[in-house]
Amino acid sequence: MAKLAVIGSGVVGSATGKGFIAKGHDVIFCDINPETLAKLKNQGHKVCSPILLEQETNIEAFFLAISTPTIDGKIKLDFLKSAVANLGEGTLKKNNDYCIVVIRSTVPPNTIEGSLIPLLEKYSGKKAGKDFGVCMNPEYLREGSNEEDFKNPWVITIGELDAKSGEILEKLYSPHECPIVHISIKEAEVQKYVHNLFNACKISFFNEMRMICETVKVDADKVFEL
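The following refers to the structure shown. (Residues numbered from 1 in each chain as written. Predicted model: local features only at pLDDT ≥ 70, side-chain atom pairs only at ≥ 80, totals over all residues. Heavy atoms only, no water.)

### Description of the overall build of the chain
We apply this condition: Every helix listed is a DSSP run of H or I at least four residues long, and every strand listed is a run of E at least two residues long, numbered separately from the N terminus. This radius of gyration counts C-alpha atoms alone. The globule rule is 2.2 Å times how many residues there are, raised to the power 0.38. Exposure classes here rest on a 1.4 Å probe applied to the protein chains alone. A residue is buried below 20% of its type maximum, exposed above 50%, and partly exposed in between. Throughout, a residue-residue contact means that at least one pair of heavy atoms, one from each residue, lies within 4.5 Å. Throughout, the Shrake-Rupley method with a 1.4 Å probe supplies accessible areas, and for residues the shown protein chains are the sole cover considered. By the counting rule applied here, Lys and Arg register as positive and Asp and Glu as negative, while His and the ends of each chain are not counted. Throughout, a charge is located at the NZ atom of Lys, the CZ atom of Arg, the CG atom of Asp or the CD atom of Glu.
Helices and strands together make up the secondary structure of the chain, namely 9 helices and 10 strands. Its C-alpha radius of gyration of 19 Å places the chain within 12% of the 17 Å reference for a compact globule of 226 residues. Residue burial in the chain is summarised as follows: out of 226 residues, 43% are buried. Put simply, of all contacts in the chain between residues at least 6 apart along the chain, 64% involve residues at least 24 apart. Summed over all atoms, the accessible surface of the chain reaches about 12,100 Å², with 54% contributed by carbon and sulfur. With 26 positive and 30 negative side-chain charges, the chain shows a separation of 3 Å between the mean positions of the two kinds.

In structure tokens form, the structure reads like this:
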């Protein structure tokens, strides 16, 4: 059993944490939203604020599932960068044991190696790949079935800074019976966007086909079953 922390406990974060709890791990949920924490606490889970997370020890992996919304055509990374800086300056700096930082947020290519790792190193005074590991772990969760999707994944993608980082994350996921693919961090960042865009293309295609079926007066559901 490993001790894990989920930073950003919304849809993705809560599904991630609950999924690891179901596999026997000790998970603490962290969020800046008191309502989110209150809901998880009422469900019987361990919760804390970002400040209190600094008091936690022996955490083996930090999973960051911070929102990265698109505003005016640009991806807003402020929330994620702030969380990363706080993690580096607080818990990571005080942690004497090797641990891994796992990014679950959707981020543009080179965000982790170009921005987030430098922030972690700056505020913790430690070196990525030596004192702590880093992985990009894209999520493929549907909002309506996020918890079930985490428990029964079709694939797990691990974008690793180095082999040690990836091996630790794979060990956490080892009870899952699905392919586990190791690639570079940047490849994992790109893969998440490819996955999202491909799904959008499929949805658009089926919507157009449904409209055509309605125009020629046939049952689209029967057509899609074939």
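### What about the packing of aromatic side chains?
Here is the rule: Ring geometry is summarised as follows: Phe, Tyr and Trp rings, the Trp one being its six-membered ring, pair when their centres sit within 6.5 Å, and such pairs are stacked at plane angles under 30 degrees, edge-to-face over 60 and tilted between the two. In this analysis the charged atom, NZ for Lys or CZ for Arg, is taken to sit over a ring once it is within 6 Å of the ring centre and within 35 degrees of the ring normal.
Considering all chains together, one arrives at 7 aromatic pairs under this definition. Ring geometry for Tyr140 against Trp154: centres 5.3 Å apart, planes inclined by 40 degrees, an arrangement best described as tilted. Of this pair, Tyr140 sits in the loop between strand 8 (133-136) and helix 6 (146-151) while Trp154 sits in the loop between helix 6 and strand 9 (156-160), and the two are 14 residues apart along the sequence. The exposure class assigned to Tyr140 is buried, which follows from its relative accessible area of 13%. What makes Trp154 exposed here is its relative accessible area of 53%. Between Phe206 and Phe224 the ring centres are 5.0 Å apart and the planes differ by 90 degrees, which places this aromatic pair in the edge-to-face class. Residue Phe206 is found in helix 8 (residues 185-215), and its partner Phe224 is found in helix 9 (residues 220-225); the two are separated by 18 residues along the sequence. Here the aromatic residues Phe20, Phe63, Phe150 and Tyr173 are joined through ring pairs into a cluster of three or more. Sitting over the face of the ring of Phe79, Lys76 holds its NZ or CZ atom 5.6 Å from the ring centroid.

### Points about the pairing of strand 8
Applicable threshold: Strands pair, by our definition, only if DSSP identifies at least two bridges between them. Whether a crossover is right-handed comes down to one check: with the strands pointing away from the viewer, does the path from the first strand over the helix to the second run clockwise; if it does, it is right-handed.
Residues Gly133 and Cys135 of strand 8 are buried on one face, and the alternating residues Val134 and Met136, pointing to the opposite face, are buried as well. Of the strand pairs in this sheet, strand 7 (residues 100-103) and strand 8 are connected by 4 bridges, and their pairing is parallel. Looking at the pairing, Val102 lines up with Cys135 of strand 8. For the crossover that starts at strand 7, traverses helix 5 (residues 111-124) and ends in the parallel strand 8, the hand is right-handed. Of the strand pairs in this sheet, strand 8 and strand 9 are connected by 2 bridges, and their pairing is antiparallel. The residue bridging Met136 from the neighbouring strand is Gly159, located in strand 9.

### Observations concerning the sheet that holds strand 2 (residues 26-30)
Quick reminder of the rule: Helix axes are fitted to C-alpha atoms over the stretch in contact, other axes to C-alpha atoms as well, and angles between N-to-C directions run from 0 to 180 degrees.
One open sheet holds the 8 strands; their spatial order is 3-2-1-4-7-8-9-10, and the pairing between them is mixed. Pairing within the sheet leaves two strands with one partner each, and these edge strands are strand 3 (46-48) and strand 10 (180-184). Here the strands of the sheet are splayed against their neighbours by 25 degrees on average, with no regard to which way each runs. Relative to strand 2, strand 1 (residues 3-7) runs parallel, the two being bridged by 5 bridges. Paired with Ile7 across the bridge in strand 2 is Cys30. This element, helix 8, spans strand 8, strand 9 and strand 10 of the sheet and lies at about 115 degrees to strand 10.

### With respect to the pairing of strand 7
The alternating pattern of strand 7 places Ile100 and Val102 and Val101 and Ile103 on opposite faces, both of which are buried. Of the strand pairs in this sheet, strand 4 (residues 61-64) and strand 7 are connected by 4 bridges, and their pairing is parallel. Across the sheet, residue Phe62 finds its bridge partner in strand 7, namely Val101.

### Observations concerning the pattern of salt bridges
Pairing between side chains becomes possible if they bear opposite charge and their charged atoms approach one another. Formally: For this document, the term salt bridge refers to a Lys or Arg side-chain nitrogen within 4 Å of an Asp or Glu carboxyl oxygen.
Overall, the coordinates contain 8 salt bridges when judged by the stated rule. Here Asp78 and Lys76 are joined by a salt bridge, their closest N and O atoms 3.5 Å apart. Note on Asp78: relative accessible area 48%, which makes it partly exposed. In this structure, the salt-bridge partner of Asp221 is Arg210, at a minimum N-O distance of 3.1 Å. Taken as a pair, Asp221 in helix 9 and Arg210 in helix 8 lie far apart in primary sequence, 11 residues in all. Of the residues examined, Arg210 reaches a relative accessible area of 31% and is grouped as partly exposed.

### Section: the packing of helix 4 (residues 78-94) against helix 5
This is how the line gets drawn: The handedness criterion is simple: a crossing whose near helix is rotated anticlockwise from the far helix by less than a right angle is left-handed, and one whose near helix is rotated clockwise is right-handed. Throughout this entry, Asp, Glu, Lys and Arg are counted as charged residues, while Ala, Val, Leu, Ile, Met, Phe, Trp, Tyr, Cys and Pro are counted as nonpolar. The remaining residues, Gly among them, count as polar.
Two elements in contact, helix 4 and helix 5, have axes whose closest approach is 8 Å; the angle formed by their N-to-C orientations is 35 degrees. Where helix 4 crosses over helix 5, the handedness of that crossing is right-handed. Residues Leu80, Lys81, Val84, Ala85, Leu87, Gly88, Glu89, Leu92 and Lys93 of helix 4 touch helix 5, and the partners they reach there are Ser115, Leu116, Leu119, Leu120, Tyr123 and Ser124. Considering only residue class, the contact of helix 4 with helix 5 consists of 9 nonpolar, 3 polar and 3 charged.

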